[in-house]
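Overview (structure and organization)
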Amino acid sequence: MNEQLNGISEIRVFAPATVSNVGCGFDIFGFALDQPGDEVILRVAKRKGIRLVKITGDNGKLPLSISKNTCTVALSAMMEKLNLNFGIEVELHKKMPLGSGLGSSAASAVAGIFALNSILKKPVTTHELLPFALEGERISSGATVHADNVAPALFGGFVLVRSNNPVDIISIPIPKDFYCTVLHPFMEIKTDYARSILPKTIAVQDAIKQWGNTAGLVAGLMKRDYDLVRRSITDYFAEPVRSELIPGYKQIKEAVKMYDAFGFGISGSGPSLFALSRTKLDALKIGNIMKKVLYQTTKIESDIFIGGINLYGPKILG
Ligand code: HSE
(Lines give C-alpha, C1' and ligand atoms only; values in the text may rest on other atoms or scores of the structure.)
Protein backbone atom coordinates (compact mmCIF):
# COMPACT_ATOMS: atom_id res chain seq x y z
CA MET A 1 0.00 0.00 0.00
CA ASN A 2 1.12 3.57 -0.66
CA GLU A 3 2.75 5.07 2.46
CA GLN A 4 0.68 8.29 2.12
CA LEU A 5 -2.66 6.47 2.39
CA ASN A 6 -4.52 5.34 5.50
CA GLY A 7 -5.90 2.14 3.97
CA ILE A 8 -9.27 3.45 2.72
CA SER A 9 -9.40 2.83 -1.02
CA GLU A 10 -12.82 4.31 -1.81
CA ILE A 11 -14.90 7.00 -0.10
CA ARG A 12 -18.17 8.84 -0.74
CA VAL A 13 -18.54 12.40 0.58
CA PHE A 14 -21.39 14.93 0.66
CA ALA A 15 -20.80 18.70 0.70
CA PRO A 16 -23.61 21.20 1.20
CA ALA A 17 -25.14 23.92 -0.91
CA THR A 18 -24.62 27.43 0.47
CA VAL A 19 -26.39 30.77 0.55
CA SER A 20 -23.80 33.49 0.04
CA ASN A 21 -23.99 37.30 0.46
CA VAL A 22 -27.04 36.89 2.78
CA GLY A 23 -28.38 40.32 1.86
CA CYS A 24 -25.96 43.03 2.93
CA GLY A 25 -22.77 40.90 2.99
CA PHE A 26 -21.72 40.85 -0.66
CA ASP A 27 -18.74 38.44 -0.96
CA ILE A 28 -18.32 38.28 2.85
CA PHE A 29 -21.25 36.29 4.34
CA GLY A 30 -22.41 32.75 3.65
CA PHE A 31 -24.09 29.85 5.39
CA ALA A 32 -24.42 26.14 4.65
CA LEU A 33 -27.74 24.39 4.08
CA ASP A 34 -28.77 20.96 5.39
CA GLN A 35 -29.69 20.06 1.82
CA PRO A 36 -29.27 19.98 -1.14
CA GLY A 37 -25.59 19.28 -1.85
CA ASP A 38 -23.18 17.34 -4.06
CA GLU A 39 -21.61 13.93 -3.68
CA VAL A 40 -18.16 12.83 -4.74
CA ILE A 41 -16.88 9.25 -4.89
CA LEU A 42 -13.11 9.07 -4.82
CA ARG A 43 -11.18 5.87 -5.51
CA VAL A 44 -7.47 5.16 -5.24
CA ALA A 45 -6.24 4.09 -8.68
CA LYS A 46 -3.25 2.10 -9.90
CA ARG A 47 -2.41 4.68 -12.54
CA LYS A 48 -1.00 8.01 -11.29
CA GLY A 49 -2.85 11.27 -11.92
CA ILE A 50 -6.50 12.29 -11.58
CA ARG A 51 -9.29 10.91 -13.78
CA LEU A 52 -12.81 12.27 -13.72
CA VAL A 53 -14.63 9.12 -14.75
CA LYS A 54 -18.28 10.06 -14.30
CA ILE A 55 -20.56 13.04 -13.73
CA THR A 56 -24.28 12.61 -13.11
CA GLY A 57 -27.05 15.15 -12.51
CA ASP A 58 -25.56 17.89 -14.70
CA ASN A 59 -27.52 17.23 -17.92
CA GLY A 60 -24.18 16.93 -19.70
CA LYS A 61 -23.28 20.57 -18.92
CA LEU A 62 -20.09 20.07 -16.92
CA PRO A 63 -16.67 19.38 -18.48
CA LEU A 64 -14.95 16.02 -17.85
CA SER A 65 -11.60 17.71 -18.46
CA ILE A 66 -9.77 17.80 -15.14
CA SER A 67 -8.42 21.29 -15.81
CA LYS A 68 -11.93 22.71 -16.27
CA ASN A 69 -13.96 21.05 -13.53
CA THR A 70 -13.99 22.81 -10.13
CA CYS A 71 -13.76 19.51 -8.25
CA THR A 72 -10.71 18.18 -10.08
CA VAL A 73 -9.00 21.59 -10.23
CA ALA A 74 -9.21 21.72 -6.42
CA LEU A 75 -7.98 18.12 -6.19
CA SER A 76 -5.05 18.83 -8.54
CA ALA A 77 -3.99 21.82 -6.43
CA MET A 78 -4.10 19.67 -3.29
CA MET A 79 -2.25 16.69 -4.84
CA GLU A 80 0.47 19.00 -6.08
CA LYS A 81 0.92 20.99 -2.88
CA LEU A 82 0.98 17.89 -0.65
CA ASN A 83 3.17 15.95 -3.11
CA LEU A 84 0.72 13.09 -3.25
CA ASN A 85 2.18 10.36 -5.43
CA PHE A 86 -0.78 8.04 -6.06
CA GLY A 87 -3.57 8.16 -8.62
CA ILE A 88 -7.29 8.80 -8.06
CA GLU A 89 -10.53 8.27 -9.93
CA VAL A 90 -13.35 10.69 -9.24
CA GLU A 91 -17.10 10.43 -9.73
CA LEU A 92 -19.11 13.62 -9.29
CA HIS A 93 -22.82 13.31 -8.56
CA LYS A 94 -24.53 16.70 -8.82
CA LYS A 95 -27.52 16.68 -6.50
CA MET A 96 -28.24 20.37 -6.72
CA PRO A 97 -29.05 22.76 -9.54
CA LEU A 98 -26.22 24.38 -11.52
CA GLY A 99 -26.06 28.14 -12.05
CA SER A 100 -28.67 28.60 -9.34
CA GLY A 101 -26.85 30.79 -6.80
CA LEU A 102 -26.49 27.90 -4.35
CA GLY A 103 -22.73 27.44 -4.59
CA SER A 104 -22.81 24.35 -6.81
CA SER A 105 -19.18 24.64 -7.94
CA ALA A 106 -18.02 25.21 -4.35
CA ALA A 107 -19.88 22.11 -3.10
CA SER A 108 -18.19 19.91 -5.73
CA ALA A 109 -14.73 21.26 -4.93
CA VAL A 110 -15.22 20.93 -1.17
CA ALA A 111 -16.60 17.37 -1.44
CA GLY A 112 -13.58 16.37 -3.54
CA ILE A 113 -10.85 17.71 -1.29
CA PHE A 114 -12.60 16.54 1.89
CA ALA A 115 -12.76 13.05 0.36
CA LEU A 116 -9.07 13.12 -0.55
CA ASN A 117 -8.08 14.37 2.89
CA SER A 118 -10.10 11.57 4.49
CA ILE A 119 -7.99 8.85 2.85
CA LEU A 120 -4.63 10.36 3.82
CA LYS A 121 -2.48 8.98 6.60
CA LYS A 122 -1.59 12.55 7.58
CA PRO A 123 -4.70 14.62 6.86
CA VAL A 124 -4.37 18.43 6.85
CA THR A 125 -6.63 20.75 8.86
CA THR A 126 -9.87 22.16 7.49
CA HIS A 127 -8.27 25.62 7.35
CA GLU A 128 -5.44 24.19 5.26
CA LEU A 129 -7.98 22.75 2.82
CA LEU A 130 -9.56 26.11 2.06
CA PRO A 131 -6.98 27.38 -0.48
CA PHE A 132 -7.46 24.22 -2.57
CA ALA A 133 -11.23 24.74 -2.68
CA LEU A 134 -10.61 28.36 -3.70
CA GLU A 135 -8.52 27.18 -6.65
CA GLY A 136 -11.59 25.27 -7.84
CA GLU A 137 -13.77 28.36 -7.36
CA ARG A 138 -11.35 30.41 -9.45
CA ILE A 139 -12.30 28.33 -12.52
CA SER A 140 -15.98 29.16 -12.18
CA SER A 141 -15.81 32.79 -11.19
CA GLY A 142 -12.72 34.14 -12.94
CA ALA A 143 -10.00 36.29 -11.47
CA THR A 144 -11.78 37.66 -8.42
CA VAL A 145 -11.93 34.71 -6.07
CA HIS A 146 -14.42 34.97 -3.25
CA ALA A 147 -14.68 32.50 -0.37
CA ASP A 148 -18.31 33.13 0.61
CA ASN A 149 -19.48 29.77 -0.83
CA VAL A 150 -16.47 27.50 -0.27
CA ALA A 151 -15.90 28.60 3.34
CA PRO A 152 -19.41 27.76 4.62
CA ALA A 153 -19.46 24.56 2.53
CA LEU A 154 -16.19 23.50 4.18
CA PHE A 155 -16.68 24.73 7.76
CA GLY A 156 -20.49 24.57 7.99
CA GLY A 157 -22.59 27.16 9.82
CA PHE A 158 -22.60 30.89 9.12
CA VAL A 159 -19.26 32.42 8.18
CA LEU A 160 -17.84 35.87 7.79
CA VAL A 161 -15.08 36.19 5.20
CA ARG A 162 -13.34 39.11 6.85
CA SER A 163 -10.75 39.14 4.10
CA ASN A 164 -10.41 37.24 0.84
CA ASN A 165 -6.70 37.93 0.47
CA PRO A 166 -5.19 36.79 2.75
CA VAL A 167 -8.19 34.69 3.50
CA ASP A 168 -9.56 35.19 7.03
CA ILE A 169 -12.67 33.21 7.96
CA ILE A 170 -14.67 33.75 11.14
CA SER A 171 -17.52 31.46 12.19
CA ILE A 172 -20.51 33.41 13.50
CA PRO A 173 -22.75 31.65 16.02
CA ILE A 174 -26.38 31.58 14.96
CA PRO A 175 -29.59 31.35 16.99
CA LYS A 176 -30.99 27.84 17.52
CA ASP A 177 -34.25 28.53 15.72
CA PHE A 178 -32.97 29.25 12.24
CA TYR A 179 -34.66 27.76 9.18
CA CYS A 180 -34.08 28.63 5.59
CA THR A 181 -36.42 28.47 2.62
CA VAL A 182 -34.82 28.49 -0.81
CA LEU A 183 -36.83 29.10 -3.96
CA HIS A 184 -35.02 27.97 -7.07
CA PRO A 185 -36.72 29.32 -10.22
CA PHE A 186 -36.06 27.16 -13.28
CA MET A 187 -33.75 29.61 -15.01
CA GLU A 188 -30.02 30.23 -14.92
CA ILE A 189 -27.96 33.33 -14.16
CA LYS A 190 -24.25 33.23 -14.87
CA THR A 191 -22.21 34.50 -11.93
CA ASP A 192 -19.76 36.36 -14.17
CA TYR A 193 -22.65 38.22 -15.83
CA ALA A 194 -24.27 38.99 -12.47
CA ARG A 195 -20.91 40.38 -11.31
CA SER A 196 -20.36 42.39 -14.49
CA ILE A 197 -23.51 44.49 -13.93
CA LEU A 198 -22.62 45.53 -10.40
CA PRO A 199 -21.82 49.19 -9.72
CA LYS A 200 -18.10 49.95 -9.81
CA THR A 201 -18.39 52.48 -6.99
CA ILE A 202 -20.73 53.02 -4.09
CA ALA A 203 -21.96 56.36 -2.77
CA VAL A 204 -20.76 57.22 0.75
CA GLN A 205 -24.32 57.47 2.07
CA ASP A 206 -25.08 53.96 0.76
CA ALA A 207 -21.77 52.63 2.08
CA ILE A 208 -22.61 53.94 5.56
CA LYS A 209 -25.98 52.16 5.47
CA GLN A 210 -24.34 48.99 4.14
CA TRP A 211 -21.62 48.69 6.76
CA GLY A 212 -24.14 49.59 9.46
CA ASN A 213 -26.18 46.66 8.22
CA THR A 214 -23.30 44.17 7.99
CA ALA A 215 -22.30 44.95 11.57
CA GLY A 216 -25.97 44.86 12.61
CA LEU A 217 -26.47 41.44 11.02
CA VAL A 218 -23.50 39.92 12.86
CA ALA A 219 -24.59 41.50 16.15
CA GLY A 220 -28.16 40.32 15.58
CA LEU A 221 -27.07 36.72 15.00
CA MET A 222 -24.76 36.71 18.02
CA LYS A 223 -27.33 38.34 20.30
CA ARG A 224 -30.10 36.09 18.91
CA ASP A 225 -31.99 39.25 18.15
CA TYR A 226 -34.14 38.21 15.19
CA ASP A 227 -35.58 41.67 14.72
CA LEU A 228 -32.10 43.19 14.48
CA VAL A 229 -31.23 40.61 11.81
CA ARG A 230 -34.41 41.51 9.91
CA ARG A 231 -33.63 45.25 10.10
CA SER A 232 -30.02 44.74 9.05
CA ILE A 233 -30.19 42.31 6.13
CA THR A 234 -31.09 44.95 3.49
CA ASP A 235 -28.56 45.20 0.66
CA TYR A 236 -27.92 48.58 -0.99
CA PHE A 237 -25.24 47.26 -3.37
CA ALA A 238 -26.13 44.14 -5.40
CA GLU A 239 -29.85 43.67 -4.81
CA PRO A 240 -31.03 46.81 -6.67
CA VAL A 241 -29.39 45.69 -9.94
CA ARG A 242 -29.50 41.92 -9.61
CA SER A 243 -33.17 41.77 -8.61
CA GLU A 244 -33.96 43.09 -12.10
CA LEU A 245 -32.62 39.79 -13.50
CA ILE A 246 -35.14 37.76 -11.50
CA PRO A 247 -38.70 37.88 -12.85
CA GLY A 248 -41.31 38.33 -10.11
CA TYR A 249 -38.72 39.42 -7.50
CA LYS A 250 -40.67 42.43 -6.21
CA GLN A 251 -43.93 40.50 -5.95
CA ILE A 252 -42.26 37.59 -4.10
CA LYS A 253 -40.54 39.98 -1.70
CA GLU A 254 -43.87 41.70 -0.96
CA ALA A 255 -45.61 38.36 -0.42
CA VAL A 256 -42.93 37.14 2.03
CA LYS A 257 -43.41 40.35 4.11
CA MET A 258 -46.84 39.00 5.15
CA TYR A 259 -45.11 36.08 6.91
CA ASP A 260 -42.90 35.82 9.94
CA ALA A 261 -39.57 35.89 8.08
CA PHE A 262 -36.53 37.55 9.65
CA GLY A 263 -34.65 37.79 6.38
CA PHE A 264 -35.11 37.66 2.63
CA GLY A 265 -32.84 38.17 -0.37
CA ILE A 266 -31.04 36.76 -3.39
CA SER A 267 -28.95 33.67 -2.76
CA GLY A 268 -25.45 34.38 -4.12
CA SER A 269 -25.73 35.75 -7.63
CA GLY A 270 -29.23 34.27 -8.06
CA PRO A 271 -31.68 33.36 -9.37
CA SER A 272 -32.44 31.43 -6.14
CA LEU A 273 -34.03 33.45 -3.35
CA PHE A 274 -33.82 32.72 0.36
CA ALA A 275 -36.00 33.55 3.34
CA LEU A 276 -35.17 32.97 7.03
CA SER A 277 -37.69 31.95 9.66
CA ARG A 278 -37.83 30.57 13.19
CA THR A 279 -39.90 27.45 12.60
CA LYS A 280 -40.02 24.76 9.97
CA LEU A 281 -43.73 25.38 9.56
CA ASP A 282 -43.12 29.06 8.75
CA ALA A 283 -40.36 28.00 6.34
CA LEU A 284 -42.82 25.68 4.58
CA LYS A 285 -45.55 28.32 4.36
CA ILE A 286 -43.06 30.84 3.01
CA GLY A 287 -41.83 28.33 0.43
CA ASN A 288 -45.35 27.69 -0.78
CA ILE A 289 -46.14 31.38 -1.16
CA MET A 290 -42.83 32.11 -2.92
CA LYS A 291 -43.45 29.31 -5.42
CA LYS A 292 -47.06 30.36 -5.97
CA VAL A 293 -46.30 34.04 -6.51
CA LEU A 294 -43.42 33.24 -8.86
CA TYR A 295 -45.68 31.08 -10.98
CA GLN A 296 -48.63 33.49 -10.90
CA THR A 297 -46.54 36.46 -11.98
CA THR A 298 -44.13 34.83 -14.43
CA LYS A 299 -45.33 31.28 -15.27
CA ILE A 300 -41.84 30.10 -14.23
CA GLU A 301 -41.76 26.76 -12.40
CA SER A 302 -39.48 26.27 -9.42
CA ASP A 303 -38.20 23.96 -6.68
CA ILE A 304 -38.22 24.80 -3.02
CA PHE A 305 -35.72 23.55 -0.46
CA ILE A 306 -36.56 23.81 3.23
CA GLY A 307 -34.29 22.97 6.08
CA GLY A 308 -32.03 24.01 8.88
CA ILE A 309 -28.44 25.12 8.73
CA ASN A 310 -25.67 22.57 8.21
CA LEU A 311 -23.31 23.22 11.13
CA TYR A 312 -20.59 20.70 10.24
CA GLY A 313 -19.78 21.07 6.54
CA PRO A 314 -19.01 17.96 4.48
CA LYS A 315 -19.76 14.46 5.71
CA ILE A 316 -18.57 10.99 4.83
CA LEU A 317 -21.41 8.88 3.46
CA GLY A 318 -19.53 5.63 3.07
N1 HSE B 1 -20.59 36.60 -3.69
C2 HSE B 1 -20.72 36.03 -5.00
C3 HSE B 1 -21.54 36.96 -5.86
C4 HSE B 1 -21.39 34.71 -4.90
O5 HSE B 1 -22.57 37.43 -5.38
O6 HSE B 1 -21.16 37.24 -7.00
C7 HSE B 1 -21.59 34.02 -6.22
O8 HSE B 1 -20.63 33.07 -6.42
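Counting restarts for each chain, with residues numbered from 1 along the sequence as it is written. This being a predicted model, a pLDDT of at least 70 is required before a residue's local features are given, and a value of 80 or more before pairs of side-chain atoms are given or counted; all residues contribute to the totals for chains, interfaces and linings. With hydrogens and water excluded, all non-hydrogen atoms of the structure serve as input to the side-chain values.

1. Regarding a nonpolar patch on the surface
A grouping of Val 204, Ile 208 and Trp 211 is seen on the molecular surface, where their side chains present a nonpolar patch of about 330 Å² in accessible area. For helices the rule is a DSSP run of H or I covering at least 4 residues; for strands it is a run of E covering at least 2, with both sets numbered from the N terminus onward. For Ile 208, the location among the structural elements is in helix α6 (residues 204-222). Think of a patch as exposed residues, more than 30% relative accessible area, with no salt bridge, where like charges cluster within 9 Å and nonpolar side chains (Val, Leu, Ile, Met, Phe, Trp, Tyr) cluster within 5 Å. The accessible surface values rely on the Shrake-Rupley method and a 1.4 Å probe; as for residues, cover is taken only from the protein chains in view. In what follows, salt bridge is the name for a side-chain nitrogen of Lys or Arg lying within 4 Å of a carboxyl oxygen of Asp or Glu.

2. Some details on the pairing of strand β9 (residues 273-277)
Taken residue by residue, a regular strand's side chains alternate between the two faces of the sheet. Of all the 5 residues making up β9, 5 are buried; the element is thus mostly covered by neighbouring parts of the structure. Any residue under 20% of the maximum accessible area for its type is buried, any over 50% is exposed, and the rest in between are partly exposed; the area is computed with a 1.4 Å probe on protein chains only. In β9, alternate side chains face the same way, and those of Leu 273, Ala 275 and Ser 277 on one face and Phe 274 and Leu 276 on the other are all buried. The pairing criterion for strands is at least two bridges between them, as found by DSSP. In the sheet, strand β7 (residues 179-185) pairs with β9 via 5 bridges, with the strands oriented antiparallel. Counted as the bridge partner of Leu 183 is Leu 273 from β9. Two strands pair when backbone bridges link them, and strand β8 (residues 261-266) and β9 are joined in this way by 5 bridges, in the antiparallel orientation. Paired with Ile 266 across the bridge in β9 is Leu 273. Counting the residues in the hairpin turn of β8 and β9 gives 6 residues, including Gly 268, whose phi is positive at 55 degrees.

3. Concerning the packing of aromatic side chains
Here the aromatic set is Phe, Tyr and Trp, taking the six-membered ring for Trp, and pairing holds for ring centres within 6.5 Å; pairs whose planes are under 30 degrees apart are stacked, those over 60 apart are edge-to-face, and all others are tilted. Here the structure, examined in full by the defined rule, presents 8 aromatic pairs. Aromatic pair Phe 31 and Phe 158: ring centres 6.0 Å apart, planes at 20 degrees, arrangement stacked. With Phe 31 in strand β2 (residues 29-45) and Phe 158 in strand β5 (residues 158-164), this residue pair connects regions lying 127 residues apart in the sequence. Take Phe 31 and Phe 158: they sit in the same class, and that class is buried. Pairing Tyr 226 with Phe 262 gives two aromatic rings, centres 4.8 Å apart and planes at 70 degrees, and the pair type is edge-to-face. Residue Tyr 226 is located in helix α7 (residues 226-232), and its partner Phe 262 is located in strand β8; the two are separated by 36 residues in the primary sequence. Within the aromatic cluster, the residues linked to one another by ring pairs are Phe 29, Phe 31, Phe 158, Phe 178, Tyr 226, Phe 262 and Phe 274. Placement of a positive charge over a ring is assigned whenever Lys NZ or Arg CZ falls within 6 Å of the ring centre and within 35 degrees of the normal to the ring plane. One cation-aromatic arrangement involves Lys 315 over Phe 14; the distance from NZ or CZ to the ring centre is 5.1 Å.

4. Points about α6
End to end, α6 covers 27 Å across 19 residues, agreeing with the expected 27 Å (1.5 Å per residue, within 8%). Taken together, the buried positions of α6 are occupied by Ala 207, Gln 210, Asn 213, Thr 214, Gly 216, Leu 217, Val 218, Gly 220 and Leu 221. Against β2, β5, β6 (167-172) and α7 lie the buried residues of α6. Two residues or fewer after α6 comes Arg 224, characterised by a positive phi angle close to 55 degrees. Here, expected helix span is obtained from the residue count minus one, scaled by 1.5 Å. Any two residues whose heavy atoms approach within 4.5 Å at even a single point are treated as in contact.

5. Notes on the domain arrangement of the protein chain
Taken domain by domain, the protein chain comprises domain 1 (10-172 + 311-316) and domain 2 (179-308). The domain limits used here are those given by an automatic or database domain assignment. The C-alpha centroid of domain 2 is placed 24 Å from the C-alpha centroid of domain 1. Facing the 28 residues of domain 1 at the interface are 35 residues of domain 2. Note on domain 1 versus domain 2: buried area summed over both sides is about 2,300 Å², and carbon and sulfur give 64% of it. Buried area, as used here, totals the accessible surface that two parts lose on assembly, with accessibility defined by a 1.4 Å probe and the loss added over both.

6. Observations regarding the site of the ligand
We call a residue near a molecule or strand whenever a single non-hydrogen atom of that residue lies within 4 Å of it. Residues in close proximity to the ligand include Ser 20, Asn 21, Phe 26, Asp 27, His 146, Asp 148, Asn 149, Thr 191, Arg 195, Arg 242, Gly 268 and Ser 269, which together make up its full environment. Within the side chain of Asp 148, a nitrogen or oxygen atom sits 2.6 Å from a nitrogen atom of the ligand. In the analysis that follows, any N or O atom pair within 3.5 Å is treated as a polar contact, provided that within protein one partner can donate a hydrogen and the other can accept it, and provided that, for residues neighboring in sequence, both atoms belong to side chains. One of the side-chain N or O atoms of Arg 242 is found 2.7 Å from an oxygen atom in the ligand. Protein burial of the ligand: of its 260 Å² of free accessible surface, 94% is covered by the chains. Residue assignment places the shell around the ligand across two domains, with domain 1 (10-172 + 311-316) and domain 2 (179-308) each supplying three or more.

7. Side note on the pairing of strand β1 (residues 10-20)
Counting buried positions over the 11 residues of β1 gives 9, a clear majority of the element. Taken together, the 10 bridges between β1 and β2 define a ladder with antiparallel strand orientation. Bridge pairing in β2 links Thr 18 to Ala 32. Pairing of β1 with strand β11 (residues 315-316) involves 2 bridges; the strand directions are antiparallel. Each residue of the ladder has a partner; that of Phe 14, found in β11, is Lys 315.

8. What about helix α10 (residues 280-298)?
Between its first and last C-alpha atoms α10 spans 27 Å; for 19 residues at 1.5 Å apiece the expected length is 27 Å, and the two agree. Buried residues along α10 sit in contact with β7, α9 (249-257), β8, β9 and β10 (302-307). Trailing α10 by a residue or two, Lys 299 shows a phi angle of about 65 degrees, which is positive.

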